[in-house]
Amino acid sequence: MERATVRPMIKTVQQHIMEAQRKRFPGASGEFSWLLSAVTLATKIISDHVRRAGLVDILGATSVTNIQGETVQKLDIIANETIAGCLGYRSSVGIMVSEEDDEPRILQEPGPAAKYIVLFDPLDGSSNIDVNVSIGTIFSILQKREDVDCSDVLGHILQPGYEQIAAGYVIYSSSTVMAYTTGDGVHMFTLDPGIGAFRLTRENLRMPEDGGYYSVNEAYYAQFPEGVQRYLQWVKSGESDTLGMRYIGSLVADFHRTLVKGGVFLYPPTTKAPKGKLRLLYEANPLAFIAEQAGGAATDGSQRVLDKKPTALHERTPLVIGSSKAVEQVLRFWSP
Ligand code: P6P
């Protein structure tokens, strides 16, 4: 009797990462996959907290203000310490950079083993927590530089985005979805609460070239550069009937929709925030890596985001990210 072919009906993110690493690096030690498992574990824990936010005393703000000058929400602290705790058990992680921490955390003494740097925004969009809007975690992974002394912590961290070896985000919404890339396409997983695992739901995702939405906070229209104002006048003129408009005010949610449905998200410079609001190292760079891997583009108006040479840990950048055509359309009106 012919043996039934058992096809794996479930591929978890761990399996996917291990297979991808073995395929690309046959001699891989598995330490990178082990590192990524810390991120997936941490985001499962954060997802559980987010799901229960209204039920236990973790809603609302603390009396703490972070380096960004923002009031720290309780869930921010839980998310930050959860990720630090999970990464702390990975001997391959030497340095951790968080939006919530003024300074980098040195998790392992500098040395050949502790070769990875993990940068993240533990809970982006946290101002939306109390109104039940989708929020997310964004992460970026670099390797320490060979040509920089171990003691030069910033020298290892301040690398251009094209040096990233992996990047991803997790969106906590109607379901918890993770998207990641290691430079070999973008892959998406949905957390199955029944088995507590992220299951592969989309492989080698491509950003739609046409259609979708433009996404910007038009309350700042008067503060935008004149070229951005001209783009907004054009996109609403009816000449481009392909784009609708959506703005959630939570970067991960606005980017996830743009990745899946197409269009463009903009956070331009304003008179109040002349360098833009979003952070380069742990927001713009990881999302730019994903956008490009899905066939899209990401610019600060003057240059490719991934080419920017960072000069400070928490530096900000203007961001225009989405379908290549939609990004190019913005630049036809605004190229500072
Ligand atoms: P605005 C959330 O506070 C955040 O950092 C991003 O998630 C989001 O894209 C942006 O700020 C929204 O900023 O100025 O439109 O409220």
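What you are looking at is a predicted structure, and each value in this text was computed from that prediction instead of being measured.

**Q** Please provide a residue-by-residue account of the sheet that holds strand β17 (residues 319-323), values included.
**A** As summarised here, the arrangement of the five strands in space is β12-β11-β13-β17-β15, forming an open sheet in which the pairing is mixed. With one partner strand each, in any of the chains shown, β12 (244-245) and β15 (296-299) form the two edges of the open sheet. Bridge analysis of strand β13 (residues 263-267) against β17 gives four bridges, and the strand direction is antiparallel. The residue bridging Tyr-267 from the neighbouring strand is Leu-319, located in β17. Packed onto the sheet, helix α6 (residues 251-261) meets β11 (213-215), β13 and β17 and runs at close to 155° relative to β13.

**Q** Give a detailed account of the sheet that holds strand β10 (residues 197-202), specifying residues and quantitative values.
**A** Taken together, the eight strands give an open sheet; going across it, the order is β4-β3-β5-β6-β7-β8-β9-β10, and neighbouring strands pair in mixed fashion. Looking along the sheet, the strands with just one partner apiece sit at the ends: β4 (105-106) and β10. Bridge count between strand β6 (residues 135-143) and strand β7 (residues 166-172): seven bridges; the pairing is antiparallel. Note that in β7 the partner of Thr-137 across the bridge is Val-170. Taken strand by strand, helix α1 (residues 13-24) contacts β8 (176-181), β9 (186-192) and β10, and its axis lies near 5° from that of β8. Docked against the sheet, helix α3 (residues 74-87) engages β3 (93-98), β4, β5 (116-124) and β6, running at close to 160° with respect to β5.

**Q** Quick rundown of the site of the ligand? Include the residues and the values.
**A** Neighbouring the ligand are 13 residues; Asp-124, Tyr-220, Tyr-247, Leu-251 and Tyr-267 lie closest to it. In the environment of the ligand, an oxygen atom lies 2.5 Å from a nitrogen or oxygen atom belonging to the side chain of Tyr-247. Bound to the protein, the ligand loses 85% of the 400 Å² it would expose on its own. Residues belonging to the shell around the ligand are distributed by class as follows: five nonpolar, five polar and three charged. For the shell around the ligand, the two domains that each supply at least three residues are domain 1 (13-202) and domain 2 (213-333).

**Q** Summarise helix α5 (residues 226-235); cite the residues concerned and give the values.
**A** Taken across its 10 residues, α5 has seven buried, putting it largely inside the fold. Inspection of α5 places Gly-227, Val-228, Gln-229, Tyr-231, Leu-232, Trp-234 and Val-235 among the buried residues, and these make up the whole buried set. As for α5, its buried residues are in contact with β11, β13 and α8 (324-333).

**Q** Could you give an account of the side chain of Thr-176, with specific residues and numbers?
**A** Of note, Thr-176 is situated in strand β8. Reaching out from Thr-176, the side chain makes a polar contact with the side chain of Ser-47 at a distance of 2.8 Å. Excluding residues within four positions of it along the chain, Thr-176 makes contact with Ser-47, Arg-51, Val-170, Ile-171, Phe-189, Thr-190, Leu-191 and Phe-198.

**Q** Got a sec to walk through the packing of aromatic side chains? Specific residues and values, please.
**A** Aromatic ring pairs are described here by two measures, namely the spacing of the ring centres and the angle between the planes. Scanning all chains against the criterion turns up eight aromatic pairs. An angle of 5° between the planes, with centres 6.3 Å apart, marks the rings of Tyr-247 and Phe-265 as stacked. Within this pair, whereas Tyr-247 is found in the loop between β12 and α6, its partner Phe-265 is found in strand β13, the two being separated by 18 residues in sequence. Residue classification places Tyr-247 among the partly exposed residues on the basis of a relative accessible area of 28%. Relative accessible area serves as the criterion here: at 2%, Phe-265 is assigned to the buried category. A network of ring pairs unites the aromatic residues Tyr-231, Trp-234 and Phe-333 as a single cluster. Over the aromatic face of Trp-34 sits the side chain of Arg-90, whose NZ or CZ is 3.5 Å from the ring centroid.

The rules behind each value
Every residue gets a number counted from 1 within its own chain, in the order that chain's sequence is written. Reporting in this predicted model follows two pLDDT cut-offs: at least 70 for local features of residues, and 80 or more for side-chain atom pairs to be given and counted; totals over whole chains, interfaces and linings ignore these cut-offs and use all residues. With hydrogens and water stripped out, all remaining heavy atoms of the structure feed into the side-chain values. Criterion used throughout: strands pair if DSSP finds at least two bridges between them. Under the DSSP-based scheme used, a helix requires at least four consecutive residues in state H or I and a strand at least two consecutive residues in state E, with every element numbered from the N terminus. Residue contacts are counted whenever heavy atoms from the two residues lie within 4.5 Å of one another. Axes here mean lines fitted to C-alpha atoms, for a helix over just the part in contact, with angles spanning 0 to 180 degrees between N-to-C directions. Residue proximity to a molecule or strand is established when one non-hydrogen atom of the residue lies within 4 Å of it. Pairs of N or O atoms within 3.5 Å make up the polar contacts considered here, provided that, within protein, one atom can donate a hydrogen while the other can accept it, and that residues adjacent in sequence are counted only when both atoms are side-chain atoms. Only the protein chains shown count as covering a residue, and every accessible area follows the Shrake-Rupley method with a 1.4 Å probe. Amino acids outside the nonpolar list (Ala, Val, Leu, Ile, Met, Phe, Trp, Tyr, Cys, Pro) and the charged list (Asp, Glu, Lys, Arg) are all regarded as polar, and Gly is one of them. Domain delimitation in this document rests on an assignment produced automatically or drawn from a domain database. A simple rule labels every residue: compare its accessible area, found with a 1.4 Å probe on the protein chains alone, to the largest value its type can have, and call it buried under 20%, exposed over 50%, or partly exposed in between. The rule is short: rings of Phe, Tyr and Trp, with Trp giving its six-membered ring, pair when the centres are within 6.5 Å, and they are stacked under 30 degrees, edge-to-face over 60, tilted in between. Remark: a charge is flagged as sitting over a ring if the NZ atom of Lys or the CZ atom of Arg is within 6 Å of the ring centre and within 35 degrees of the ring normal.

Worth remembering: the numbers are spatial, not functional.
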